[in-house]
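Coordinates in review
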Amino acid sequence: SEEVGIHLSYLYNKRKEYKLNGVAAGISYNPTFAPDLRVIAEYDSKDFALGATYLLFNHLHMQVELQRMKYFTGGLAYKIYLK
């Protein structure tokens, strides 16, 4: 089934080089046509990011993100089920 998630928080710190003070929010979306896909958009009180994760073969997570809407990052994670 289709799923939408929303989160909202307030960030506060005393860092001088990268202050993240203010409201942070995000939304995630799992479409019914691709249940192993999750698309995520976030705002961290300073910058926006857009990303996605996809679960392949029930174990391998592929992750991509566009940080600050201009820096690409990605990764792989292997999911181990304990039961």
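Residues numbered from 1 in each chain as written. Predicted model: local features only at pLDDT ≥ 70, side-chain atom pairs only at ≥ 80, totals over all residues. Heavy atoms only, no water.

What follows covers the environment of Val23. The topology assignment puts Val23 in strand E2 (residues 22-30). Along the backbone, Val23 and Val39 are 16 residues apart, and their C-alpha atoms lie at a distance of 21 Å. Contacts of Val23, omitting those with residues within four sequence positions, involve Leu8, Ser9, Tyr10, Tyr43, Asp44 and Ser45. (Helix = DSSP H or I, 4+ residues; strand = E, 2+ residues; numbered from the N terminus. Contact = heavy atoms within 4.5 Å.)

With that settled, consider the pairing of E2. Sheet topology places strand E1 (residues 3-11) next to E2; nine bridges connect them, and they run antiparallel. Its bridge partner being in E2, Ser9 is matched across the sheet by Ala24. Remark: six residues form the turn of the hairpin made by E2 and strand E3 (residues 37-43), two consecutive strands paired antiparallel. (Pairing = 2+ DSSP bridges.)

Before going further, it helps to examine the packing of aromatic side chains. Scanning the model with the defined rule gives one aromatic pair in all. With a centroid separation of 4.7 Å and 40° between ring planes, the pair formed by Tyr43 and Phe48 is classed as tilted. According to the relative accessible area criterion, Tyr43 is partly exposed, its value standing at 29%. (Phe/Tyr/Trp six-rings, centres within 6.5 Å; stacked < 30°, edge-to-face > 60°. Buried < 20%, exposed > 50% of the residue type's maximum accessible area, 1.4 Å probe, protein only.)

Glancing now at the side chain of Asp47. You can see Asp47 is positioned in the loop between E3 and strand E4 (48-56). Among the polar contacts made by the side chain of Asp47, one reaches the side chain of Arg68 at a distance of 3.2 Å. Those residues within four positions of Asp47 in sequence are excluded, and the remaining contacts are Tyr18, Glu42 and Arg68. (Polar contact = N/O pair within 3.5 Å; in protein donor to acceptor, adjacent residues only side chain to side chain.)

Looking now at the side chain of Asn30. When you line up the elements, Asn30 lands in strand E2. Relative accessible area serves as the criterion here: at 9%, Asn30 is assigned to the buried category. Among the polar contacts made by the side chain of Asn30, one reaches the main-chain carbonyl oxygen of Leu37 at a distance of 2.9 Å. Beyond its immediate chain neighbours, meaning those up to four positions away, Asn30 contacts Ser1, Glu2, Glu3, Pro35, Leu37 and Arg38.

Okay, the environment of Leu82 next. If you trace the backbone, Leu82 turns up in the segment after strand E6 (71-78). Overall, Leu82 belongs to the exposed group, its relative accessible area being 85%. In sequence terms Leu82 and Asn13 are 69 residues apart; their C-alpha atoms lie 36 Å from each other.

Moving on: the sheet that holds E3. Strand-to-strand pairing in sheets goes through backbone hydrogen bonds, with the strands running parallel or antiparallel. The six strands lie next to each other as E1-E2-E3-E4-E5-E6, forming an open sheet whose pairing is antiparallel. Sheet topology places E1 and E6 at the edges, where each strand pairs with a single neighbour. Looking at each pair of strands side by side, their axes are set apart by 15° on average, direction ignored. (Axes fitted to C-alpha atoms, helices over the stretch in contact; angles between N-to-C directions.)

All we've got here are geometric facts, nothing functional implied.
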